2 protein chains.
Amino acid sequence: MNRCESCIVKEFNSLKALTRDELMRISSCKTGKLFKKGEIIFEEGEILNGVFCVKDGVCKLSKLSENGKDQVVKLVVKGGLLGKRSIVSDETTNLSAVALNDMEMCFIPKSEIMADLKKNPNFTLDVLQKMAGDLRDSEDTLVDMAQKPVKQRIAETLLYILDNFGTDEDGYLSIVISREDYASIVGTATESAIRILSHFKKEGFISTSGKKIKIEEPKALKWIQ
Amino acid sequence: MNRCESCIVKEFNSLKALTRDELMRISSCKTGKLFKKGEIIFEEGEILNGVFCVKDGVCKLSKLSENGKDQVVKLVVKGGLLGKRSIVSDETTNLSAVALNDMEMCFIPKSEIMADLKKNPNFTLDVLQKMAGDLRDSEDTLVDMAQKPVKQRIAETLLYILDNFGTDEDGYLSIVISREDYASIVGTATESAIRILSHFKKEGFISTSGKKIKIEEPKALKWIQ
DNA sequence: ACAATTACATAACAAATATCATATTTAAAA
DNA sequence: TTTTAAATATGATATTTGTTATGTAATTGT
């Protein structure tokens with residue numbers, strides 16, 4: 001099974017729902033694309049006619065707030081899909097996608113997936129369940145944003161990245177993003193994010209090497225409030 | 001068409017997707033329920049085996065944050081459904097539902113709807129689109145929460161209620177909720193919500209009569225930041 | 001109608017966070 | 001490499017928001 005098949009599998013849990021043939025056809029992935037660090041994959045307001053599947057690299061899904069600041073809604077890594085919602089709704093996307101490092105992606109046209117959605121109820125039900133999970137996550141994040149102080153949000157973001165994307169061979173978080181990105185994940189000023197990360201470093205909760213961050217005391221971060 | 005049919009229609013746009021017979025069967029609504037103001041309809045962590053349909057009254061969907069404060073995620077009025085996600089996922093609900101005034105509801109068992117989800121792909125696709133819309137809303141709210149100051153969030157909440165739930169014959173917002181609820185919609189302290197509403201009143205943007213609020217200057221509220 | 005409770009209101013103060021200014025370090029480009 | 005630009009870091013200060021306290025008005029229950 002090639003990597004592109006596996007991304008469909010990861011997102012839609014489709015091994016059960018899609019037949020081998022359907023999976024192969026969707027995964028044929030004729031339009032592979034490369035994006036460089038910082039490059040825009042799509043922007044808020046565009047109409048997407050398919051989904052992007054991440055084969056390598058990391059990107060952020062974000063939305064520009066009225067005050068001109070970017071808010072990161074989600075990080076997507078290998079095996080993740082961008083533009084899922086565009087499959088079922090014809091509206092423009094409400095999010096922008098930007099590569100955080102060099103990326104390899106493939107593109108699956110909407111038409112390919114729509115065919116299966118209409119034919120295969122199990123597949124549709126599966127997509128539905130995935131969407132329900134996304135909604136739950138988004139609601140939970142909303143509550144965190146509204147109720148938890150910045151320091152706690154940053155601590156939890158570090159733990160989230162550790163838990164979901166892991167570390168490299170030296171124990172540093174495998175996802176390396178700027179302080180500005182951390183700020184726009186938790187919705188604060190860049191200086192505040194920097195200050196809090198410096199504080200964590202001073203306390204020994206984390207250590208850094210360039211932009212890389214190593215989590216030394218996950219328990220200490222968990223207790224922060 | 002009775003009111004209970006209409007709520008299914010509103011949420012799922014099912015006139016097209018469901019046959020008349022399917023709609024009638026689901027809407028049969030044998031288990032009507034009444035809830036008094038303040039009563040809990042269901043709580044975070046429960047397993048729901050169906051959806052509630054609001055026939056009259058208003059309720060809030062909220063989630064208890066770790067700091068013990070309630071965060072309102074959504075207001076639901078006549079025609080809205082509670083527990084939609086429970087239909088497709090077997091997980092416990094992440095939200096609590098509490099009646100904000102006396103309510104009349106009906107309950108549709110999960111099994112009734114599941115049958116149609118599995119048989120009728122168009123219906124499933126329709127539910128999927130609705131869920132995609134909910135996800136978009138939730139993401140947009142998340143960005144607002146993270147990026148906009150409290151004053152602006154309260155101003156926008158007032159306008160949201162005006163636009164979505166309208167006014168009574170005297171021009172007051174038809175949804176009447178406590179200052180504490182306003183606070184927990186925008187994620188702030190009750191005193192802060194009170195202070196800001198008082199400020200709006202002093203500026204002439206709104207006027208009040210008891211707990212009722214009338215929006216006098218929607219444009220002024222729109223410009224706040 | 002009355003007491004008791006709850007909601008609303010306001011002020012004074014404390015804490016959190018944003019903004020502005022300015023180094024310093026790191027990465028990118030010439 | 002050298003130069004330039006960008007990212008990181010930190011302090012001082014302003015603003016926003018939370019907390020505590022106290023009082024008034026409105027509801028509720030008896």
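**Things to note about the protein's contact with DNA strand C**
Right, so step 1: In the neighbourhood of DNA strand C, 18 residues make up the surrounding shell, with Val-150, Thr-188 and Ser-192 of chain A together with Arg-179 and Ser-198 of chain B lying closest.
Right, so step 2: Close to the protein, within 4 Å, the atoms of DNA strand C belong to sugar or phosphate groups at a rate of 67%.
Right, so step 3: Here a phosphate oxygen of DNA strand C and a side-chain polar atom of Thr-188 of chain A are 2.3 Å apart.
Right, so step 4: Ser-192 of chain A has a polar side-chain atom sitting 2.8 Å from a phosphate oxygen of DNA strand C.
Right, so step 5: Going through the elements one at a time, helix H9 (190-203) of chain A together with helix H8 (179-186) and helix H9 (190-203) of chain B are the ones with two or more residues in the surface near DNA strand C.
Right, so step 6: Broken down by element, the residue count for the surface near DNA strand C peaks at five residues, all from H9 of chain B.
Right, so step 7: Partitioning the surface near DNA strand C into residue classes produces four nonpolar, four polar and 10 charged.

**So, the protein's contact with DNA strand D**
Right, so step 1: Close to DNA strand D lie 17 residues, the nearest being Arg-179 of chain A together with Val-150, Thr-188, Glu-191 and Ser-192 of chain B.
Right, so step 2: Close to the protein, within 4 Å, the atoms of DNA strand D are drawn from sugar and phosphate at a rate of 52%.
Right, so step 3: Taking Lys-201 of chain A, its side chain carries an N or O atom lying 3.2 Å from a phosphate oxygen of DNA strand D.
Right, so step 4: The contact in question runs from a phosphate oxygen of DNA strand D to an N or O atom on the side chain of Thr-188 of chain B, over 2.2 Å.
Right, so step 5: Taken together, the elements giving at least two residues each to the surface near DNA strand D come down to helix H8 (179-186) and H9 of chain A together with H9 of chain B.
Right, so step 6: Here the surface near DNA strand D gets five residues from one element, more than from any other, and that element is H9 of chain A.
Right, so step 7: Across the surface near DNA strand D, the residue classes tally to four nonpolar, four polar and nine charged.

**Side note on the packing of helix H7 (residues 150-165) of chain A against H8 of chain A**
All names here are of chain A.
Right, so step 1: Orientation of H7 relative to H8, taken along the N-to-C sense of each, is 110 degrees, at an axis distance of 10 Å. Here H7 lies roughly perpendicular to H8, going by the angle between them. In this structure, the crossing between H7 and H8 has a hand that is right-handed. Counted together, Val-150, Arg-153, Ile-154, Thr-157, Leu-158 and Ile-161 of H7 and Tyr-182, Ile-185 and Val-186 of H8 form the full contact between these two elements.
Right, so step 2: Looking at the contact of H7 with H8 residue by residue, the classes come out as seven nonpolar, one polar and one charged.

**Description of the packing of helix H5 (residues 110-119) of chain B against helix H6 (residues 121-147) of chain B**
All names here are of chain B.
Right, so step 1: Running from amino to carboxyl end, H5 crosses H6 at an angle of 110 degrees, the nearest separation of the two axes being 5 Å. Viewed along their axes, H5 and H6 adopt a mutual orientation that is roughly perpendicular. Listed contacts from H6 to Ile-113, Asp-116, Leu-117 and Lys-119 of H5 are Pro-121, Phe-123, Thr-124 and Val-127.
Right, so step 2: Of the residues in the contact of H5 with H6, the class split is five nonpolar, one polar and two charged.

**Quick notes on the sheet that holds strand S5 (residues 70-76) of chain A**
Residue and element names in this part refer to chain A.
Right, so step 1: Taken in spatial order, the four strands of this open sheet run S2-S7-S4-S5, and their pairing is antiparallel. The two strands at the open ends of the sheet, each matched to only one other strand, are strand S2 (40-42) and S5. Shown here is a sheet whose adjacent strand axes are inclined to one another by a mean of 35 degrees, direction ignored.
Right, so step 2: Note: S2 against strand S7 (residues 96-99), two bridges, orientation antiparallel. Following the sheet pairing, Ile-40 is matched in S7 by Val-98.

**Focus: the domain arrangement of chain A**
Residues and elements named next belong to chain A.
Right, so step 1: Split into domains, chain A comes out as domain 1 (3-145) and domain 2 (148-222).
Right, so step 2: Between domain 1 and domain 2, the residue contacts involve 12 residues of the former and 13 residues of the latter.
Right, so step 3: Of the roughly 1100 Å² buried between domain 1 and domain 2, counting both surfaces, carbon and sulfur atoms make up 57%.
Right, so step 4: When the buried surface of domain 1 facing domain 2 is broken down by residue, Leu-75, Asp-144 and Met-145 rank first, second and third, together holding 45% of it.
Right, so step 5: Taken together, the connections running from domain 1 to domain 2 amount to two salt bridges.

**Regarding the relation of the copies chain A and chain B**
Right, so step 1: Mapping chain A onto chain B is achieved by rotating through 179 degrees and translating by 0.0 Å along the same axis, at an RMSD of 0.1 Å. What we have between these two chains is a two-fold relation.
Right, so step 2: Of the interface residues in chain A, 100% have counterparts in chain B that sit at the interface too, so the contact is made through matching surfaces.

**Here we look at the packing of aromatic side chains**
Right, so step 1: Within the structure shown, the criterion is met by 10 aromatic pairs over all chains.
Right, so step 2: Measuring from centroid to centroid gives 5.9 Å for Phe-42 of chain A and Phe-52 of chain A, while their planes differ by 25 degrees, and the two rings are stacked. Here Phe-42 of chain A, found in strand S2, pairs with Phe-52 of chain A, found in strand S3 (residues 50-56); they are 10 residues apart in sequence, far enough to count as distant.
Right, so step 3: Where Tyr-160 of chain B meets Phe-165 of chain B, the ring centres are 6.0 Å apart and the plane angle is 85 degrees; that geometry is what we call edge-to-face.

**Remarks on the state of the cysteines**
Between two cysteines, a covalent bond joining their sulfur atoms is known as a disulfide.
Residues and elements named next belong to chain A.
Right, so step 1: In the structure shown here, the tally under the stated rule is zero disulfides over all chains.
Right, so step 2: This cysteine, Cys-59, is not joined by any disulfide, and Cys-53 carries the nearest cysteine sulfur, 11 Å off.
Right, so step 3: Of the residues examined, Cys-59 reaches a relative accessible area of 0% and is grouped as buried.

**So, the confidence of the model for chain A**
Reading fine detail from the predicted coordinates is not recommended where pLDDT is low.
Right, so step 1: Across chain A, pLDDT averages 88, with 88% of residues at or above 70.
Right, so step 2: Interface confidence for the predicted complex, given as ipTM, is 0.90, next to a pTM of 0.90.

**What to know about the pattern of salt bridges**
Right, so step 1: Tallied over the full model, the rule gives 24 salt bridges over all chains.
Right, so step 2: Note that Glu-44 of chain B is salt-bridged to Lys-63 of chain B, the shortest N-O span being 3.5 Å. Linking Glu-44 of chain B in the loop between strand S2 (40-42) and strand S3 (50-56) with Lys-63 of chain B in strand S4 (residues 59-64), this pair joins segments that are 19 residues apart in sequence.
Right, so step 3: Among the residues examined, Lys-63 of chain B registers a relative accessible area of 14% and is labelled buried.
Right, so step 4: Note that Asp-144 of chain B and Lys-148 of chain B form a salt bridge whose closest N and O atoms lie 3.1 Å from each other.
Right, so step 5: Classification of Asp-144 of chain B as partly exposed rests on a relative accessible area of 24%.
Right, so step 6: One network of salt bridges, with partners in common, ties together Glu-66 of chain A together with Asp-144, Lys-148 and Glu-156 of chain B.

Here is what the cut-offs are and how they apply
Residues numbered from 1 in each chain as written. Chains lettered and ligands numbered in written order. Predicted model: local features only at pLDDT ≥ 70, side-chain atom pairs only at ≥ 80, totals over all residues. Heavy atoms only, no water. Near = heavy atom within 4 Å. Polar contact = N/O pair within 3.5 Å; in protein donor to acceptor, adjacent residues only side chain to side chain. Helix = DSSP H or I, 4+ residues; strand = E, 2+ residues; numbered from the N terminus. Nonpolar A, V, L, I, M, F, W, Y, C, P; charged D, E, K, R; others polar. Axes fitted to C-alpha atoms, helices over the stretch in contact; angles between N-to-C directions. Parallel < 35°, antiparallel > 145°, perpendicular 65-115°, else oblique. Left-handed = near helix turned anticlockwise from the far one by under 90°. Contact = heavy atoms within 4.5 Å. Pairing = 2+ DSSP bridges. Domains from an automatic or database assignment. Buried area = accessible area lost by both parts, 1.4 Å probe. Salt bridge = Lys/Arg side-chain N within 4 Å of Asp/Glu carboxyl O. Least-squares fit on C-alpha atoms with pLDDT ≥ 70 in both. Phe/Tyr/Trp six-rings, centres within 6.5 Å; stacked < 30°, edge-to-face > 60°. Disulfide = S-S within 2.5 Å. Buried < 20%, exposed > 50% of the residue type's maximum accessible area, 1.4 Å probe, protein only. pLDDT = per-residue confidence, 0-100.

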